[in-house]
Every structure is written in C-alpha cells, then in structure tokens.
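# Observations on chain architecture
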Amino acid sequence: MKARMKDMVRVATARLGGEQQAGAPSSSGYVRRESMAARTARLGGDSLRRQPQPQAPTVRTVYCNDREANAPVGYKGNSVSTTKYSVLTFLPKGLFEQFWFFSPVHPVTNVVPLSLVLLVSLIKEAFEDWKRFQNDMSINNAHVDILQGQHWESTPWKRLQVGDIVRVGEKIGRVDYINLFQTANLDGETNLKIRKALEKTWDYAEPGKASEFKGEVQCEQPNNSLYTFTGNLIVDKQTIPLSPNQLLLRGCSLRNTEYIVGVVIFTGHETKVMMNSMNVPSKRSTLEKKLDKLILALFATLFTMCVIGAIGSGVFINEKYFYLGLRGKVEDQFNPKNRFVVTILTMFTLITLYSTIIPISLYVSIEMIKFIQCAQFINNDLNMYHAESDTPALARTSNLNEELGQVEYIFSDKTGTLTRNLMEFFKCSIGGEMYGTGITEIEKGGAERAGIKIDDEEGKRSAAAVHEKGFNFDDAKLMRGAWRNEPNPEACKEFFRCLAICHTVLPEGEETPEKISYQAASPDEAALVAAAKNFGFFFYRRTPTTVMVRESHVERMGSIQDVPYEILNVLEFNSTRKRQSVVCRFPNGRLVLYCKGADNVVYERLADGNHDMKKISRQHLEQFGSAGLRTLCLAYRDLNREQYENWNEKFVQAKSSLRDRDKKLDEVAELIEKDLILVGCTAIEDKLQEGVPACIETLSAAGIKIWVLTGDKMETAINIAYACSLVNNDTKQFIISSETDAIREAEDKGDPVEIARVIKDTVKQKLKSFHEEAQHSLSSMPERKLALIIDGRCLMYALDPTLRVDLLGLSLICNSVVCCRVSPLQKAQVTSLVKKGARKITLSIGDGANDVSMIQAAHVGIGISGQEGMQAVMASDFAIAQFRFLTDLLLVHGRWSYLRLCKENVYFVIYVLMSTFFFYLTILLVPVIALFGDFIYLSIQRWLFPYDYQVIQEMHKDDPHEYSRVQLPETSHLSPEEARSYAISMLPRENSKHTGFAFDSPGYESFFASQQGVGVPHKPWDVARRASIKQRQQPQRTTRS
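Every chain begins its residue count from 1, and numbering advances along the sequence as written. For this predicted model, a pLDDT threshold of at least 70 governs which residues receive local features, and a threshold of 80 or more governs which side-chain atom pairs are given and counted, while totals over whole chains, interfaces and linings are taken from all residues. Only hydrogens and water are set aside; all other atoms, that is, all heavy atoms of the structure, feed into the side-chain values.

## Section: the environment of Q519
Rules: Comment: elements are numbered from the N terminus, with helices defined as DSSP H or I runs of at least four residues and strands as E runs of at least two. Between buried and exposed lies partly exposed: a residue is buried under 20% and exposed over 50% of the maximum accessible area for its type, with that area taken using a 1.4 Å probe on protein chains only.
With respect to the element layout, Q519 can be found in strand β22 (residues 517-519). Under the relative-accessibility criterion, Q519 is labelled partly exposed at 22%. With 13 residues separating them along the chain, Q519 and L506 place their C-alpha atoms 5.1 Å apart.

Quick look at the structure:
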C-alpha cells in the first residue's frame, strides 16, 4: 500500500454543466497575485494537545485530531448549502426579486392577476431551490473515513472539521486536503494532472502510523484561487514547502490510486470551489434597458398625476360645496376637517385607479417569449448540433436573446475557436536545419491567392511519413535513427531529450509505443511528447521524482536503452513566463536545464555567440509563422553541482515563502534561465474548423465586423486571417509592429525608459498617419476593405488613455482587426474599449480559461466547448460546439428573437396607450351623455304634452313639501347670500328616474329651492324639471278635498 501511496495521483476533470452544485467542484482558476495571510494547522496525536492561544486575525492554528482544542476557535463546519432561499427568507426575498417596480394595488381586478403571476414565479423558484436542497442533503450526508484513535470510522461529510485526518478513496472529495489530489468536475477539463504526496509523509498511510504523525502546516487563508496554494509543512523542525501539487480540492476524483490520507484544511464554504461558486456578471439586453426607461417614464407620469390630483383634492375640498354632502359624519377620505388625511388617501386611490397605465403583464409576456425561444428553438436547433462531440447549442441565459440580433462587433480567439485545437507536430528546425516537407492548408491557400498551382505530386507523402494523433511529420532525414547521419547529431539528441523530458504529460496504458496514450494539460505538450516517441525517445513512465525514457539509436544504430532522468525542479509554464523549464540529473550525474517557450522569451535568455544559428532559426520561425504553424523554441543549459546547489537553496526559500511566492519564484527562475543554448524550434499545425471562412464571409456581408485576438505570432495571425477570409489580396493592411529598426536600436541600448518612449511615439505616429490614410481610402475607394494588425506590445501603449481615442477611431473605420501576442487582460481591455467607446453591441467568443475575461466584458459571451475545458462555457451566456454555428445563432435566432420582442412591445404599447385613452374618454363622456340624454327626454316629453306640465305646475305650486321649511336661527349674522347657500345645502338630494344620476349640482338649485319655499330666481330649465317630478300625495291635500 505504501508503494501505491508513492505513485502519483492523476487528476481528471469532467465537464460541469449548469450551476455549480455543492459537491460538484471547480478545479481551475487564475494565479492570484495578492499576498496571502498565513494559516497554521498543527498535525499530531493526543501528545500534541495544548490550550488554544489568542490568535491574530491573519493567522489560524488548527490542532489535528483534537476537536476540543479547535472548538473555541469556531471554524466553519463542512456542511454546505447552495440554495437560494431559506424558510425565513423565501417570501420576503422572493417577493422582492419579483417586484421590479412599485405598483400599489387594492381592487380585486388588479390583485388577482398580479397574485397569479407572483404565485407561478414563486412556485418555480421554490421547485428549483428544492432540487438544490435535495442535492445538498445527499452531499452533506455522504460518508468518509475519519481517524479516531488508531482506526478509521465512517462519518458524514457535514461532520468533518478542520484538522481531522481522513481517508478518501476513488470518489468525489468534499473538503480541501493536504497530501494527494486529483481534480475532477472542477473546470471541465478532461485531461489528467499529477498530484503527489511529500516524500516525508509516505509512511503515514496506515491508521496506526497516521495517529503518531506530528507536524504543523502554515498556509494561506481561504481564497478562491483554484490553481494556487501557498503553504509550508513543518515536521521534525524541518520546513517543507507545499504547492497545489499537494492539495486535493473539494470535488476532485482520484485516478490510478486506491486511496489517500490527508488532513482537512478548508471546510464547507471556505473550500476553494465553494468560494468560486458565484454567478457571472449580470447582463441585461439593450431592449430591456429601454423598456425599463419607458416603465420609469410611465411611473413618473402616474406619480405626477396622482400627486396633482391628491393635492388638489386636499386643497379644494370644502363644506360649502353642498352638493358633495360633506356635512355630518363622512369617511376620512372626504372629511374636510382633515385635509392631510384626504390628500394621502386620495393619493392611494388615484394610484389604484391609474395603475392600468403600468404594463405589469408586459414583463411576464417577454419572459415567456424569451424562455420559449431558448428552450424550444435555440437548444433544439439541429443545425447547431455537433454530432461528432454530441454537443447541442445551449442557451445559459434567456436575457440576451434579442441582443444576438443586434451584434455589430465580434471578438474571437484563434486557437480552439477558429481552429480545431487538435495539435499535430508538423515541422521543426534543429541546429539551423529545417525538417519536414508537408504543406499546410494555409500555405495552399496562400499559393492559390498568389496564382501558384501546387502539383498533386508535391502533396504526396514519402514512405517515412507518419501520421498519428499529435504527429503528422514527413521527412526521412529524422526518422528511424537517420538523424545520426545529419551534420548536427548532438543537437538532434538534445532536441529530442528536451521534447521527452521538459513537460508534465502523464502516460496511460501499456508501456509500448503502439498502445500508450498521453494525457496532457494542453494538446501542444501531448504533440511534442508524441514527436519525441516517433523520433526514438519514448517517454513511457513517470514517478514523483523520475521520468523514464526509452532511447533508440543513441549509442549506435539499433541500440535501445531505458534511461531514468531524475527531475529535480520544475519551473512551470504560465501566461506571464510563457516558458517552462526542468532541471534534471542524468544517470551519469550530469545536471541539465531544459527550457521551451515562446521565441521572443527564449531569445532574450540565450547566451552570447552563435549568431548565425540564431539568425537562421529566426528565419525558420518566420517561415513557420507564415505557414500558420504554432512555434516554440527549445534550449538547454549545462549546470555544475555548486552552481545548482546555490540556486536550489534560493529556490527552496522562495518556494517556502508564504507571501508573494509566485513573484519570488519568478525572480529565482530568472537566475538560472539564462545563458541558454538554442537547439531548435518546433512547428505545430492547428487546422481551421470546418466552415469558418464561409461563416465569416456571411457575417461580414451582414455588416458585422470581426476582430481576432490571439497570442500567436504576427505572421501566424495574418495567415490565419487570410485563411479565414478576414483579409484578402485587395485588403489594405495597416500594420503596427514592435519589430521596427527604431525600436530594435532602443532595445540594444537597454534603457527601459527609452524603449517605452520610442514604442509609444511610434504607435502614436502610426495611429495618426493610418487614420488619415484610412479616411482618404474610404473617400476615394469606399468599396475597398481595410484591416488593422497590431501586436500586443504596441497595443499596450495604444490602450493608454492618451492614445485610446486614436486607436478606437482607426479600429472603427477598419472592416477587421487582428491583435496578436495579446494577454487575456488585453483581450478584455480591447472588448471594453469598443463596448464603452463606440457604444455598439459586442460579442466575444472563446474556448479557454484565458478567454473568460473577454467573454464577460462583452455584451454577449459565447463559449465553445472544445479541447481546453469548460471554463469559457461556464462563464458564457450561450454555448456552441463550432464557430460556424454563429451564423444560425446570430442571423436566424438573434433576428427572430429581436423581431418577436419588438412586435410584442409595439403591440403592447399601442394597446396600452389606446386602451388608456379610450378608458378615460369614456369616463368623461358617460355623465355628459347621461345628462344630455335625460335633458333630451324631458324636452321631448314637454314638447309632446305641453299643457300637462302647466296644469300640474298650477295645481301644486302652493303645496307644502313633506320636509319642514328651513328655519334660520333668529340671531343669525348670515348675509342674504350665505343664508341662501345654507338653505340650499339643507335640501334633499334627488335622483333622476330616467338615468339614476343625482341632480345635486348648482344648475338645479333654483328648482329644489322652490320646492322648499326658498325664494330663488327660476332658471329656464326649471319648468321642465318641475313638471317631471313625481309628486307625493300630501295628507293636508286629502283633508282639504
């Protein structure tokens, strides 16, 4: 078992789709540059028991196998929750998220539809959250073996605590451990990775030995950086540095290892994957933003109307308006004695009455349309289904459907996005000699553009040609040991050894060249190791400290020997260093540093001399770049023992540092990665995806401008642009490159300030001259296409605030832009420049982790599920399998979505405006028409029966009313006009028998006053009104008769 513990642990990463779940992980991240505070974990048995001491906020001490000592510190438990709501927060939080605007409603006609909408939304939210809760429970209740005394005891995951020693088998890990680890389900990458235990801990696999382990771990505080870990293990007064190679993250899966033993460092929501479980930046479409402005305008109008009406009601309400019946006991809303209450209550009443102008159901309709567009049309479109990888299109959000139809700028990565990311070793240059006779697709396309016809005979392969996964090489001079006959066999030998040793590839399967397979962090590495195998340097086994290579034809033709190379140090590749180095010891004790990396990085670190070979190799690099091939330079350096030991001491110190470890490691690496000897360069072909040129032509015809942002050489980027139909022979190219004579002269002087000044001045001058030239070209030849090509070094200065406007102006004029040698940050900066500066709808598309920032910076982010994992997909808004599917996604689904929503909005707005207008028009016309109709009816009746009215008037003019006459107080100080108004206010309210409306307006006061015996001048219409009144039979009348 101990032997198995010494074997490395491989890491497989499976695709993670949808939202990250509690136990579903995340194993990829970005290098974190900030200094991290220390966190200490003490490992040991009961003999190490001690009282916890007061701790500084930045330092944490964890006692292993001693929960009583850890309890006062209050570390978080291992139970996790990914639910959105709790029992207490469901209703308030759910209602808050459903209300995008405030609309107080009271009548049932408004409450019922709004309640139904909210009920449906809350039920959907509750159902989705219930599924998350069930998943959390299944994860928290899973079991793991924990060390109790000297035996393993099974316990649920949620009961684990910091400092516990646990045993994990080939299943998902749900805490973060020290010792061994493999990442599965974290970032979606399917390649295996090495994780290994420290040699000092190899003997602690059994529970008896593990209970005796004593030590202290000092490490960083919990953070979300999945790719980095800084810590030290202190055992027997010896400090051993810890790196991500000794950390098993929550959510990982073991491969080729029966089990591992580790100590819990981070638990629950402090694990790296849980700290990464956050949503991508929220994006809202332009249509939604405009709709929000419209709703706000309507609400402002509603509020203004209600305020004016409420204030008017509070100001003008008065008892003197007798016909309102405000005397006596009235409701608070109509009580003239409390005008403030009248104003407030009237405000809410008016809001309720006018609330119909706020289109509550419009949002529901739009959301339903968007959901159907995603679920029914985009996700089920067979034209965007990639059968080879069984990958359909996926709409990860429904908020941006219509935005697809308005895209004007596309920012695209090259490798894996425009190309297949299936790397094949195609050509190479060794010792100044070029090898490889194949012709790339880009070379064929360039020849056709130049009018050169390539003969079929030229495309035939020789008998020595080999074509397998990662290797497509045709040159008999290097195959089957023929390299021994070349003028530079020693350079060939070092070249092949560098390919076979300087990597982090894992071999799988039988240890034979035919059946072995390689798992690598990138397709480039696998292609280089496959090339070494075919050249006779067969890498077949890796242990934590050695690499086994089966070398052929080294001593003599036909000889085969297995050579173990001891790996002493690995200086890993990252986007900043752009190189990888390995320090190894040969069986004869020879110490060698092998380095491979980008040509500009390696050339800066070469030893003086051998200028002819450098010049020839640079020419070969340019030829490879022109052919569209990806290039790397290989170099080595012999080290003596004393030199290495002095450097290794500094390396160990830097690796043991808890603060700025990455920075210190880079500084130490610079001390040994110098005075290198160039042995050659490699050229790897990455073919274009199917249908890319046709897709780009179609999108360009639709008026969409496409920018390519890549880290490749300028020559490679230009040729890819030709192959993709971004540029052609008629395209006018504006090239801004740092490879000019003026810049080279400044670099030779070695003054960084002078170099920066020269580059900035050059960029400024070219931007202005190219802008004038572009405007002249547009005016003279408007049909001619323009293209801007700029490298990352010049782009850094062009993005300066003083030159940003010039860069944007020139870029917007050009039909296409190619940015080469750019970093992930520059990709995001360029995207933001157009997004904010030009105020155009932008789309970013990529397939790797280095494209995430660009994808999130654009209005719409597209992720391609390719060979570089699922990080881009997980950060994107839409996911597709091939670049060519952009045509259907933008020009079909984007256009349809935009048209549907626009029609919905237009119809709804027209309906709301027209219905609101007619509603209030009807309210105004109903009483007018009713009064007018009543007047017409009475007039016609008077016209047809004129004498009846006169007879009735004369018969009853002296009859007393059933109500007593109004008696004014004897001591009244009222004026005649006030007395008249008082008398009128005491009159009963009469209803028309025809319309039912109350005739209590001042227009009828003379009639009612005469009925009560109050002397009021008659009005013209009183005669008709008096004749129509139903006369009540009076008792006095009966007596007199």
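## Looking at the packing of aromatic side chains
Selection rule: Only the six-membered ring of Trp is used, alongside the rings of Phe and Tyr, when aromatic pairs are assigned; centres must lie within 6.5 Å, and planes under 30 degrees apart are stacked while those over 60 apart are edge-to-face, with the rest tilted. Geometrically, a charge over a ring is one whose NZ (Lys) or CZ (Arg) sits within 6 Å of the ring centre while staying within 35 degrees of the ring normal.
Under the criterion given, the structure shown has 22 aromatic pairs. Note on Y518 and F539: the rings are 6.0 Å apart at their centroids and 15° apart in plane angle, and the pair reads as stacked. Note that Y518 is positioned in strand β22 and F539 in strand β23 (residues 537-542), a separation of 21 residues in sequence. An identical accessibility class is assigned to Y518 and F539; each is buried. One aromatic cluster is present, built from ring pairs that chain together F425, F471, F473, W483, F495, F496, F535 and F537. Looking at R550, its charged tip hangs above the ring of Y540, at a distance of 4.4 Å from the centre.

## What to know about the environment of V547
Spelled out, the test is: Between two residues, a contact is recorded if the distance between any of their heavy atoms is within 4.5 Å.
Among the secondary structure elements, V547 is positioned in strand β24 (residues 546-552). When near neighbours in sequence (up to four residues on either side) are disregarded, V547 contacts A500, F539, R541, R542, V563, P564, Y565 and I567.

## Quick word on the packing of helix α22 (residues 804-813) against helix α23 (residues 824-838)
Threshold: As a rule, the C-alpha atoms of each element are fitted with a line to give its axis, helices using only the stretch in contact, and angles between N-to-C directions run from 0 to 180 degrees. Note on terminology: angles under 35 degrees are roughly parallel, angles over 145 are roughly antiparallel, angles of 65 to 115 are roughly perpendicular, and the others are oblique. When residues are sorted by character, Ala, Val, Leu, Ile, Met, Phe, Trp, Tyr, Cys and Pro go into the nonpolar class, Asp, Glu, Lys and Arg into the charged class, and all the rest, Gly among them, into the polar class.
Closest axis-to-axis distance for the α22/α23 pair is 11 Å, and the angle between their directions is 85°. Judged on the interaxial angle alone, α23 and α22 are roughly perpendicular. Where α22 approaches α23, its residues R804, L807, L808 and L812 are matched on the opposing element by L833, V834, G837 and A838. Of the residues that constitute the contact of α22 with α23, the class distribution is six nonpolar, one polar and one charged.

## Some points on the UniProt feature "transmembrane region" (unreviewed entry) in the protein chain
Selection criterion: UniProt positions are given in the numbering used here, feature names are shortened, and annotations may be inferred rather than shown by experiment.
UniProt records the feature "transmembrane region" (unreviewed entry) for residues 294-317, 340-364 and 906-932 in the present numbering. As a span, residues 294-317 carries 96% helix and 0% strand, and end to end its C-alpha atoms are 34 Å apart. Taken end to end, residues 340-364 is 80% helix and 0% strand, and its two terminal C-alpha atoms sit 37 Å from one another.

## Side note on the pairing of strand β29 (residues 677-685)
Here is the rule we go by: Two strands are counted as paired when DSSP detects at least two bridges linking them.
Taking burial as the measure, the nine residues of β29 include eight buried ones, the bulk of the element. Pairing geometry for strand β17 (residues 424-430) and β29, over six bridges, is antiparallel. Across the sheet, residue I430 finds its bridge partner in β29, namely G680. Pairing analysis gives eight bridges linking strand β28 (residues 629-639) to β29, with the strands arranged antiparallel. Paired with L634 across the strands is G680, a residue of β29.

## Some remarks on the pattern of salt bridges
Quick reminder of the rule: In the sections that follow, a salt bridge refers to a side-chain nitrogen of Lys or Arg positioned within 4 Å of a carboxyl oxygen of Asp or Glu.
Under the definition given, this model contains 29 salt bridges. For D562, the salt bridge identified is with R550, shortest N-O distance 2.8 Å. Of the two residues, D562 sits in strand β25 (residues 560-571) while R550 sits in strand β24, which places them twelve residues apart along the sequence. Note that R821 is salt-bridged to D599, the shortest N-O span being 2.6 Å. Here R821 is found in the loop between β33 (816-820) and α23, whereas its partner D599 is found in helix α13 (residues 599-603), with 222 residues between them in sequence.

## As for the sheet that holds strand β32 (residues 786-791)
Strand order in the open sheet made by the nine strands is β15-β36-β35-β34-β16-β30-β33-β32-β31, with mixed pairing throughout. The open sheet terminates on both sides in strands that have one partner only, identified here as β15 (394-395) and β31 (732-736). Alignment of β32 against β33, held across five bridges, turns out to be parallel. Opposite A787, over in β33, you have S816 as the bridge partner. With respect to the sheet, α22 is in contact with β16 (409-412), β30 (705-709), β31, β32 and β33, its orientation differing from that of β32 by roughly 140°.

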